[in-house]
Amino acid sequence: MTIHRTLLVAALVALGLEAQTLREEADRLGMLVGGAVDPELFGQAAYANAFATQLNMLEPENDMKFGVIHPSPTTYNFSPGDQIVAFAQTNGQKVRGHNLVWYQQIAPWVTGGNYTASQLNQILHDHITTVVSHYAGQVFAWDVVNEAMSDSPPALRSEVWYDSPGIGFAGQGTKYIEQAFVWARAADPNALLFYNDYGADVVNAKSNAIYAMAQDFRARGVPLDGIGLQMHLSLSSDLSQLGPNIQRYIALGLQVHITELDVQIPVKANGTPVNPGDLQKQATLYQAALSTCLRYKGCTAFQTWGLTDKYSWIPGYTNGVDGLALPLDANYQPKPAFNAMITAYQNAAVLNAPATGGISVISATGGTGLLAPGGLISIYGSGLGNASSVLVTDSSGTSRMATLLYVSATQVNCMLPADLLPGPAMLSVNGGDSPVSVATRTETVAPGLFTADGTGQGMAAAITVDSGGTTYLELFGTGIRGRSDIANVHVTVGGVAAPVLYAGPQGQFYGLDQINVVLPASLIGTGSVNIEVEVDGRVSNVVQVVI
Ligand code: XIL
């Protein structure tokens, strides 16, 4: 298997044992990595260089907002936005547009103009049509509506475009938002259209309200393509419900973009952190946010609100209390947050790799997108019709065959070998039109136990008495073999620790694992008990078995 060892070495290099830029990492995964940008700073070589080399997507921090781009009823100021587009084209980057409808940074002529609803309807229609048409083919995605939802309780903000006086749909809920999306779609049918907001990154009352709007829009065919999660975070932000929030939008057929991520930390007057450990805490949040996004194929862009601490809105916004919110420091040097992003990219399974000229690999096991030893995966590509084997080489250098379940010209489904070492891996499809390989990564997941009918006699568990008279229980599941010494496998039966006799492959069914435990004598015959397995600190589901 020398060839696969060679491929693995290449994979490890690709996985970043060398210094990498964010852009190289994101490109490898087919992901967009962006930053909010100010074209007035392009004249500074360090700034221009960082934005060109680290990012493959740019978004104007302010220059496409109404107040800048449409300063008088008859004037459009496209020059700063055009500079961003030109810079992006020179550097092979995409441009994300921000934004068309927002309650802030609107030109004074609009807010102070005493217009009627029907005049405002005309103004907003013309604004959206003119701006979106101007950038058609140059801006690939727009934040059509920004921050329409207030915080607590979540409700549509009372504002000029909605009901003060609004564009003719005051009191009609999200109708004005819908109208903006319809106008934007008409102006550029190829642009992706997003609703963008803050404080709605994880599952919470505000994101529930936005989700309800998205669900309604999808059901009625309103041209909404995605949701922007701003993710202006602080060190107390809890991201445990970020994945489920992303997941539910994707389930509606929407994309998710992380649009404005920064993590503010308290700073002293001299600009250094109040608590030196905060830079590391910040890095943990960056890594959690990015690796969560990378688990979902539909989370397609990850953008920070700037790139360097030299230029960030946070010090101004917090009156100097907080700062240091971005991945590069004020001298453009990588901070722990930057390294955490690199790590997150390197740890990601190849979920978003381009489908042409390669393959993309999707976990079919669970909704998380983890490629787990023993898990089911789908491989998408082209010319796969004659695929005869899928080989996976893990970091030990050993190649193992994945069990093929389905093969077509564009898709191969298979089960990953259960005894893979978690970590960097190389996945190769052989026997198709041409062999194709991707560097990927598998992760350890919690063990899973099957349950059948709760009687203890099904596939899930079997009670056996051996010749010596010991009553023991055979449990069946996944995620046990190849991970652990038997000493690290702990089983509780009815809350009582049960001695483990065996933990490893089941033997007959490939990929299935088995654990044999001695049943505590005091519990035999007591009826239904809860059983739980812990392997290396990872806890399984709880199954009920009658003993
Ligand atoms: C901010 C800019 O960063 C600042 O320069 C400007 O003064 C105010 O706006 N949510 C958004 C962004 O959608 O447009 C905001 O940008 C930050 C909060």
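Because the structure is a prediction, the values reported are computed rather than measured.

Asks: So what exactly am I meant to see when it comes to helix α3 (residues 45-54) here?
Replies: The α-helix winds at 3.6 residues per turn, so residues separated by three or four positions along the chain end up facing the same way. Where α3 is concerned, the buried positions are Tyr 47, Ala 48, Ala 50, Phe 51, Ala 52 and Gln 54. The inward-facing, buried residues of α3 contact α2 (22-29), β1 (32-37), β2 (57-60), α5 (79-90) and α13 (336-347).

Asks: When you look at the pattern of salt bridges in this model, what are you seeing that I'm missing?
Replies: Proximity of charged atoms lets side chains of opposite charge pair with each other. Inspection of every chain in the model, using the stated rule, returns 11 salt bridges. Each of Glu 59, Arg 96 and Asp 143 takes part in salt bridges that share partners, so that together they form one network.

Asks: Help me understand the site of the ligand in this model?
Replies: Surveying the vicinity of the ligand reveals 13 residues, the closest of which are Glu 61, Lys 65, His 98, Glu 260 and Trp 305. At 2.5 Å, a side-chain N or O of Glu 61 approaches an oxygen atom of the ligand. In this structure, Glu 260 approaches the ligand through a side-chain N or O atom, which is 2.8 Å from an oxygen atom. Most atoms of the ligand, that is more than half of them, are within 2 Å of grid points of the largest pocket. By residue class, the composition of the shell around the ligand is 3 nonpolar, 6 polar and 4 charged.

Asks: Can you walk me through the state of the cysteines in this structure?
Replies: In protein structure, a disulfide is the covalent linkage between the sulfur atoms of two cysteines. For the structure on display, the rule yields 1 disulfide. The disulfide that involves Cys 293 links it to Cys 299, with 2.1 Å between the sulfurs. Taking the torsion about the S-S bond as the criterion, the Cys 293 to Cys 299 disulfide, at about -105°, is left-handed. The buried category is assigned to Cys 293, whose relative accessible area is 0%. We classify Cys 299 as buried; its relative accessible area is 0%.

Asks: Can you help me understand the environment of Arg 220 in this one?
Replies: Here Arg 220 is to be found in helix α9 (residues 205-220). Side chain to side chain, Arg 220 and Glu 178 meet in a polar contact 2.8 Å long.

Asks: Is there a simple way to think about the packing of helix α10 (residues 242-251) against helix α11 (residues 278-294) in this case?
Replies: Geometrically, a packed helix pair is captured by the angle between its two axes and the distance between the axes. In the contact formed by α10 and α11, the axes pass within 10 Å of each other and the chain directions differ by 30°. The angle between α10 and α11 falls in the class roughly parallel. The hand of the α10/α11 crossing is right-handed. Between α10 and α11, the residues in contact are Leu 242, Gly 243 and Ile 246 and Ala 289, Thr 292 and Cys 293, respectively. Among the residues forming the contact of α10 with α11, the class breakdown is 4 nonpolar, 2 polar and no charged.

Asks: How do you make sense of the layout of surface pockets when you look at a structure like this?
Replies: To find leftover empty space, one rolls a probe the size of a water molecule over the atoms. Considering only enclosed or pocket space, the largest pocket measures out at about 370 Å³ in volume. Considering the residues around the largest pocket, the lining is formed by 19 residues, among which Trp 102, Glu 147, His 232, Trp 313 and Tyr 317 are closest to the centre. Counting residues per element, the ones that place at least two in the lining of the largest pocket are β8 (255-266) and α12 (314-317). When the residues that make up the lining of the largest pocket are grouped by side-chain class, the tally is 7 nonpolar, 8 polar and 4 charged.

Asks: Whenever I open this one, the environment of Tyr 135 confuses me. Can you help?
Replies: Within the secondary structure, Tyr 135 is located in the loop between α7 (117-134) and β4 (139-146). In the structure, Tyr 135 is positioned 57 residues away from Phe 78 in sequence and 9.4 Å away in space, judged by C-alpha atoms. Beyond its immediate chain neighbours, meaning those up to four positions away, Tyr 135 contacts Met 64, Ile 69, Phe 78, Gly 81, Asp 82, Val 85 and Trp 142.

Asks: How should I be thinking about the nonpolar core in this particular structure?
Replies: Side chains of a nonpolar character, in soluble globular proteins, are inclined to be buried together. Within the largest apolar cluster, 102 residues are counted, with the highest numbers of intra-cluster contacts made by Trp 142, Trp 161, Phe 181, Tyr 195 and Tyr 345. Among the elements that take part in this core, helix α8 (residues 175-187) stands out by supplying 7 residues, more than any other. Among all residues touching Tyr 195, those that are not within four sequence positions of it are Val 145, Glu 147, Ala 148, Met 149, Phe 181, Ile 210, Met 213, Leu 224, Gly 226, Ile 227 and Gly 228. Judged by nonpolar contacts, the second largest core, of 20 residues, contains Leu 449, Leu 475, Ala 498 and Ile 547.

Asks: What is the right way to look at unusual backbone geometry in this model?
Replies: That bond from His 98 to Asn 99 is cis: its omega, -10°, falls within 30 degrees of zero. Positionally, Asn 99 belongs in strand β3 (residues 94-101). Positive phi, normally seen in glycine, also occurs at Met 231, with a value near 60°. On the basis of relative accessible area, Met 231 is assigned to the buried category, the value being 0%. Of note in the backbone geometry, Leu 324 takes a positive phi value of approximately 50° without being a glycine. Along the chain, Leu 324 falls in the loop between β10 (322-323) and α13.

Asks: Looking at this model, I keep getting lost on a nonpolar patch on the surface. Mind explaining?
Replies: There is a patch of nonpolar side chains on the surface, built from Leu 376, Leu 405 and Tyr 406 and spanning about 290 Å² of accessible area. Mapped onto the secondary structure, Leu 376 falls in strand β12 (residues 376-380). You can call Leu 376 partly exposed: its relative accessible area is 36%.

Conventions we followed
- Residues numbered from 1 in each chain as written.
- Predicted model: local features only at pLDDT ≥ 70, side-chain atom pairs only at ≥ 80, totals over all residues.
- Heavy atoms only, no water.
- Buried < 20%, exposed > 50% of the residue type's maximum accessible area, 1.4 Å probe, protein only.
- Helix = DSSP H or I, 4+ residues; strand = E, 2+ residues; numbered from the N terminus.
- Contact = heavy atoms within 4.5 Å.
- Salt bridge = Lys/Arg side-chain N within 4 Å of Asp/Glu carboxyl O.
- Near = heavy atom within 4 Å.
- Polar contact = N/O pair within 3.5 Å; in protein donor to acceptor, adjacent residues only side chain to side chain.
- 1 Å grid on protein atoms, 1.4 Å probe; cavity = no way out; pocket = protein on both sides within 12 Å on 5 of 7 lines; lining within 4 Å.
- Sits in = over half its atoms within 2 Å of the grid points.
- Nonpolar A, V, L, I, M, F, W, Y, C, P; charged D, E, K, R; others polar.
- Disulfide = S-S within 2.5 Å.
- Axes fitted to C-alpha atoms, helices over the stretch in contact; angles between N-to-C directions.
- Parallel < 35°, antiparallel > 145°, perpendicular 65-115°, else oblique.
- Left-handed = near helix turned anticlockwise from the far one by under 90°.
- Points joined across faces, edges and corners; volume = space filled by probe spheres on them.
- Core = buried A, V, L, I, M, F, W, Y, C linked by side-chain atoms within 4.5 Å.
- Patch = residues over 30% accessible without salt bridge, like charges linked within 9 Å, V, L, I, M, F, W, Y side chains within 5 Å.
- Areas by Shrake-Rupley, 256 points an atom, 1.4 Å probe, with all protein chains shown as cover.

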